Every structure is written in C-alpha cells, then in structure tokens.
Amino acid sequence: MFSFNRLAVSLRTLQKLTEAQRWHHTSLTNELIENMDKKATWDRFYTENGSKGQFKNFEWFFGFHSVKDFILPTLQTMSHSGIGPFNILDMGCGTSALGPCIYRTSPCAVKVTCADISPVAVKLMEKNTNLASIQPCNPSSALAFLELDCTKLRGHFGTRSLDMILDKGTTDALVRSKEGQVKAGQIMRQCLQVLNPSGVLLQFSDEDPDARLIWIEKEIRGAEQTADVGVHEVGELRGVSYFCYQISPCTSPHS
C-alpha cells in the first residue's frame, strides 16, 4: 500500500506562510515561490524531501480521494476510438500518488504516464512504486514514469495521442513564478494538440474562475486548436476553495 503524506499544500497557503516565515518543511521555500518554473528548484526540493527517511507522497492541494469523482466517471463516459487503454498523462506529477491511484482503481483499462521535469522526483516514484507492488484494477492497465519538460509535450507525444491530461497544480506553480506564465500558455496550447478530439485537460487549481477563465480564454486565442472550457467546484479544504477547469478540443473549426 502507498504511504500518503497528510500534508497537502495549497500554493496560495504556501505563499502566505512563506511571507510570515512560518513554513519550515523545506529551506528553499522563498526560492520555490519565485522559481517554480526551474528544473533545479524542483530537483533540490525533492532531494530534500526524499532525504528525510521513509518515503511519503507529497501532494499539492489534495490527494486522489478529493478528485476521483471527477476523473473516474469522466473516463467511463469518454468515447474511445482505439482498442487499447485510455492514455492518461499526469503532467508535473512530482511525487504525488494521483497517477498510481488511477492505475490502481480505474475499472477502465488505462495507460498512466506520470511525467515530471525533475529526474529526482521520477526516480523516487519509480523506486517506491516498485517497492509497493501495487496491482491495477484492470489487468490491461499500465503505469510508467517519465522525465519530461512539459513545455516539450509535442516532442514526446503525437498529435491526438492522449485521452486525458491531469494538471494538479502545475499551471498554478508556473503562473506564480517570475518567468512561468509564458511556459504555462505554451503547455496548455500543446495539450490541446496532443489530446484526441474527445479528450480532456483537467486543471485543478485554487485560482478563482474570474481570473483563471480569462487567462485560459486568452491563451486559447493563440492556439491552433480551439477549445471548450468548463469549470466545476471541487470544494473547500483547510479554508481554500479549489476548482476543476475542464478544457476540451473543439471539433468545430476556427471561426
């Protein structure tokens, strides 16, 4: 079984605690806030967290149980043109248990790829997932870990090759960093290119819809592929409200 870290951190909460100098889980919190678009920052973060003894999954925002009712029913209602498993990408996975939990609980056959820019995070996940010896709900499911800069999705995934992309805090981390907003836009536009026509990008965020929807619509205007956008409230945890932004490629041409 997985060992879950009870500490699930909101980026908004992290920023407030950093300003008050009361967040002591890592020595690089100021660097983390300002440089969340940098590979070196995350390598150091996961190295420090991985050196504390027994492995624990580190969750931004919340764990799988908080969003399973968004993910699993969506998979079950999606149309599938192929005969193989649904291809799912957990983008910027870090050491979250989100991807492995989908692999373990999905009744649909899935191929879950957990991708992160930090090789430290990827190696920690590979090692501890192998030690846990988890088994899939569906025997045709598969789980893989990948070191990947998500600004280069098109270099690894083909056009219309993915059914679902999960973004739990990755976009939030980028748009809060000094130089990350441009990268966040690049990533979202590439997501639309690698999703199949019935696929979906699920962005989990603590950013209010009034701000996030404006940003999404602005970035979509610069994309080759138009998209439909919806939002659902995930709920409130520890005084912070969370939302699920559903971004799906449009089948209609550009207007």
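Quick look at the structure, then. Position numbers for residues start from 1 in each chain and track the written sequence from start to end. For a predicted model such as this one, the threshold for reporting local features is a pLDDT of at least 70, and the threshold for listing and counting side-chain atom pairs is 80 or more; totals across whole chains, interfaces and linings nevertheless cover every residue. Side-chain metrics in this entry use all non-hydrogen atoms of the structure; hydrogen atoms and water are not considered.

Describing the environment of glycine 169
- With respect to the helices, strands and loops of the structure, glycine 169 is situated in the loop between strand 6 (162-168) and helix 8 (170-176).
- Distance in space between the C-alpha atoms of glycine 169 and glutamate 59 is 9.5 Å, their sequence separation being 110 residues. Under the DSSP-based scheme used, a helix requires at least four consecutive residues in state H or I and a strand at least two consecutive residues in state E, with every element numbered from the N terminus.

Observations concerning the packing of aromatic side chains
- Any Phe, Tyr or Trp ring, taking Trp's six-membered ring, that has another such ring centre within 6.5 Å forms a pair; planes under 30 degrees apart are called stacked, those over 60 apart edge-to-face, and the others tilted. All chains considered together, the criterion is met by 13 aromatic pairs.
- When the ring of phenylalanine 45 is compared with that of phenylalanine 58, the centres are 5.3 Å apart and the planes differ by 85°; the resulting orientation is edge-to-face. Pair noted here: phenylalanine 45 is in helix 3 (residues 39-50) and phenylalanine 58 is in strand 2 (residues 57-60), with a separation of 13 residues, a long-range link.
- A simple rule labels every residue: compare its accessible area, found with a 1.4 Å probe on the protein chains alone, to the largest value its type can have, and call it buried under 20%, exposed over 50%, or partly exposed in between. On the basis of relative accessibility, which here comes to 0%, the residue phenylalanine 45 falls in the buried class.
- Look at phenylalanine 58 and you get buried, because its relative accessible area is 5%.
- A connected cluster of aromatic rings, assembled from ring pairs, spans Trp42, Phe45, Tyr46, Phe58 and Trp60.
- Any Lys NZ or Arg CZ found within 6 Å of a ring centre and within 35 degrees of that ring's normal is scored as a charge over the ring. When the ring centre of tyrosine 245 is taken as reference, the NZ or CZ atom of arginine 212 above it lies at 5.8 Å.

Digging into the sheet that holds strand 5 (residues 142-147)
- Only strands that DSSP links by at least two bridges are regarded as paired with each other. If you trace the seven strands from one edge of the open sheet to the other, you get 5-4-3-6-7-9-8, paired in mixed fashion. Looking at strand neighbours, the two that pair on one side only are strand 5 and strand 8 (227-237), the edges of this open sheet. In this sheet, adjacent strand axes meet at a mean angle of 15° when their direction is disregarded.
- Two strands pair when backbone bridges link them, and strand 8 and strand 9 (residues 240-249) are joined in this way by 10 bridges, in the antiparallel orientation. Bridge assignment links glycine 230 to a residue of strand 9, and that residue is glutamine 246. Each axis is a line fitted through C-alpha atoms, and for a helix only the stretch in contact is used; angles between axes span 0 to 180 degrees, taken between their N-to-C directions.

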